[in-house]
Amino acid sequence: MSTNTSVMDSDAMLELILQSIQKLIDYELAVILRYDGQQTLSVTKAAGPLADATLTGHTISLKNRKDLAAILEGRKPYLFSESEDHIDTYADIINLPLHHSCLVSPLILGDEIVGLLTFDHRKCNRFNPQIIGFIEMISTLVAALLVQFDVSNELIERTAQLLNERNNLLASESDAFRNLIGSSPQWIRVLDSIRLVAAAEAPVLIMGETGTGKEEVARAIHRLSSRAERPFVPVNCSALSTSLAESELFGHEKGSFTGALAMRKGRFELADKGTLFLDEVGDLPMELQPKLLRVLSDGIFERVGGEKPVKVDVRIIAATNVDLAKAMQDGHFREDLYYRLSVFPIALPSLRERTSDIELLALHFLHSIKERTKNSGLHFTEQAFHAILVYSWPGNVRELKNVLERAAILAGSGEIREEHLGLRLHSLTRRAAGFSAKPAAVTEKQAVYAGSADVDDGALPLQSIIKKRIERALEVSGGRIYGEEGAAAALNLKPSTLQSKMKKLGIRREWFLSSRGEH
C-alpha cells in the first residue's frame, strides 16, 4: 500500500465518522483540527453543508485564540451558551450569525493533545448539554484514530524508504564494485563488509598495504550509501604540509594569513552532506588531530582566521598503511582519535594473500586496456601469463595494473611477452618453485573473458564469467556451435573445446536452438 492510498483511506474514515455523528448531532459544520505541538491548529477534515474549500489547510494560532487554548488545556468539551460572548472559531473565513450553536471538544489521548473537534450550526440551541459525555467519548476515539494514522503513515513511509534504499543498493551494487575484482574468500569478506557498512553512517577505517585498493573500497562504500549523490572528497594526508594543512581541511577567511586574498572553503565544507576520504590518515600532523576530533564529535569547526562556527554533515572514511596502534604508543597519533575513526575497521588483504584473484585481475586489466585503446589484438603469451601468476606482487593490485599498462605499450598491437612485464626474476623463481597449477589454454581464457565487462559484476568468479560469455554466444548464434556463424568461432575456440566447457558448466545447447540454428 502506498502512502497516498493510506491518506485516502484515513480521509474516507474521518468522513464516515463525521457522517455517523451527524445522525445524533444536528450540525451544519463539523471540523477536525490537528495540533502541531507549536501553538497551531490546522484543519484536517470538514463536513456538513457549510464545509467548503476555504477550510482546506486553514490554520488557527493559539497565541491569538486564548479561549481555544484554555479549552485545550481544560481537556473537556465546551458548549458555548447562547448569551456567551465569544469569537467564532472560523470567523476569518465563514460568516455565522451573531448567536448560533457552537460546541468544541479537545482531542486528547493519554497526556497528548492531538487536536480539536468543533461543531457549528447557524440556529441557536441545536446542541443539547446532555450529549457532552457522548462527544467526549467520540473525541477520544477520533484522537486515537488520528494517532494511529500517523503511526501507519510513518511505517508505510519508512517501509517505502527501506525498499527504495534496497532497490538502489541492488541496482547500484554492480556499478559500485566495478573496480573491486576478485572471488577469493578473503576478498568476498571485504565485499561483504562494504555491503554491511555502506548503509550506516559510522566512520570506517580501511587498513592495508600500499596498492591494495583502499580508495576504491572507500568509493564503493560511498556509492552504496545514502550519500551517493553527494560529493566524495579525497584528501591525501601525507601530502599536507603542517603550515597549510589546517587551511586545506577547514578553509580560511580572507586576510587570515599572507596570500589569503579571499575566503576559501576547506575539504570538510566541500564534502558537506557527502563523504570525506582521509587517505594515509596516520600521517596527519599532530597539531590538527584535536580539531579533527572535534569535527568528528560535533560536526563543528572554524575556518583559519575565523570566529564563526561552521557546521557540516560529513561521513568520514579513513585509510592507512601504517600500524596506528604502534603510532599511538610512539605518541604520533591520538588514542581518542583512533577509536573515533575505527568504529568499523576493514582490513584489505595483500595480493599475495589472495593469489587466486591474480588471474581474474590480469584478464580484467587486459580487457580494460583493449577497450580503452581499441587494440583488440593485444593478448598474453603463455609464458607471460605464467610469470604474472607466480610473481609475488609486493606493490599489490596497483603494481599489477601499472605493469600491464607498461607491457601493453611495449607490446604494441600484438602479444604481451614475458620480457614486456619487466618483473624481478628472484620473485618469479621463489614462487614458481611451489606453483603447481598449469596456466593451460591461456588463449581460450582471454577469448572467453573478452566482453566480460558487460556482465557488470566484478565480484563474479571466473567460471561464472566464462559461463555467461558462452551463453551469450550461443544465444546470438541460435544454438549453432559449428561454422563461421557458430558460437565456437565467435569465442575463438575449437568446437570440441566449447562442447567440453558447456558440459562442465551445465550449459545445454537445446536451450538456445532457433530456426537459424542447427538441428
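Computed from a predicted model, the values in this text were never measured in an experiment.

A. Just the nonpolar core, in detail. Leu249, Phe268, Leu276, Leu278 and Phe333 are the most contacted members of the largest nonpolar core, which has 32 residues in total. Of all the secondary structure elements, the ones that give two or more residues to this core are strand 8 (232-236), helix 6 (242-250), strand 9 (275-279), helix 8 (289-298), strand 12 (315-320), helix 9 (324-329) and helix 10 (335-341). Looking at which element gives the most residues to this core, the answer is helix 8, with 4 residues. In contact with Phe268, other than residues within four places in its own chain, are Leu249, Phe250, Leu276, Leu292, Val295, Phe301, Val312, Val314 and Ile316. One finds Leu360, Ile369, Phe380 and Ala411 within the second-largest nonpolar core, a separate group that totals 29 residues.

B. Here's a closer look at the sheet that holds strand 3 (residues 59-61). Spatially, the 6 strands line up as an open sheet ordered 3-2-1-6-5-4, and their pairing is antiparallel. Whereas interior strands pair on both sides, the edge strands pair on one side only; in this sheet they are strand 3 and strand 4 (78-80). Going across the sheet, the axis of each strand differs from the next one's by a mean of 25°, ignoring polarity. For strand 1 (residues 29-35) and strand 2 (residues 40-47), the ladder comprises 6 bridges, and the chain directions are antiparallel. Bridged to Ala30 within strand 2 is Ala47. Running over the sheet, helix 2 (residues 66-74) touches strand 2, strand 3, strand 4, strand 5 (101-109) and strand 6 (112-121) and is turned about 120° from strand 6.

C. Broad picture of the packing of helix 11 (residues 358-373) against helix 12 (residues 382-390). Helix 12 packs onto helix 11 with a crossing angle of 130° between their chain directions and a minimal axis gap of 9 Å. Here helix 11 is positioned oblique relative to helix 12, judged by the angle of their axes. Judged by the twist between their axes, the crossing of helix 11 over helix 12 is right-handed. On the side of helix 11, the interface is formed by Ile358, Glu359, Ala362 and Leu363, while helix 12 contributes Phe385, Ile388 and Leu389. The class makeup of the residues in the contact of helix 11 with helix 12 is 6 nonpolar, no polar and 1 charged.

D. A look at the packing of aromatic side chains. Following the criterion strictly, the structure yields 10 aromatic pairs and no others. Ring geometry for Phe232 against Phe277: centres 6.0 Å apart, planes inclined by 20°, an arrangement best described as stacked. Highlighted residues: Phe232 in strand 8 and Phe277 in strand 9, separated in sequence by 45 residues. Note on accessibility: Phe232 and Phe277 belong to one class, buried.

E. Structural view of the sheet that holds strand 9. Taken in spatial order, the 5 strands make up an open sheet running 8-9-12-7-13, and their pairing is parallel. Across the chains shown, the open sheet's two edge strands, defined by having one partner strand only, are strand 8 and strand 13 (344-347). Across the sheet, the mean angle separating the axes of adjacent strands is 20° when strand polarity is ignored. Two strands pair when backbone bridges link them, and strand 9 and strand 12 are joined in this way by 4 bridges, in the parallel orientation. Within strand 12, the position partnered with Leu276 by the bridge is Ile316. Its contacts with the sheet place helix 5 (residues 214-224) against strand 7 (204-207), strand 8, strand 9, strand 12 and strand 13, and it is angled at close to 155° to strand 8.

Analysis parameters
- Residues numbered from 1 in each chain as written.
- Predicted model: local features only at pLDDT ≥ 70, side-chain atom pairs only at ≥ 80, totals over all residues.
- Heavy atoms only, no water.
- Core = buried A, V, L, I, M, F, W, Y, C linked by side-chain atoms within 4.5 Å.
- Buried < 20%, exposed > 50% of the residue type's maximum accessible area, 1.4 Å probe, protein only.
- Helix = DSSP H or I, 4+ residues; strand = E, 2+ residues; numbered from the N terminus.
- Contact = heavy atoms within 4.5 Å.
- Pairing = 2+ DSSP bridges.
- Axes fitted to C-alpha atoms, helices over the stretch in contact; angles between N-to-C directions.
- Parallel < 35°, antiparallel > 145°, perpendicular 65-115°, else oblique.
- Left-handed = near helix turned anticlockwise from the far one by under 90°.
- Nonpolar A, V, L, I, M, F, W, Y, C, P; charged D, E, K, R; others polar.
- Phe/Tyr/Trp six-rings, centres within 6.5 Å; stacked < 30°, edge-to-face > 60°.

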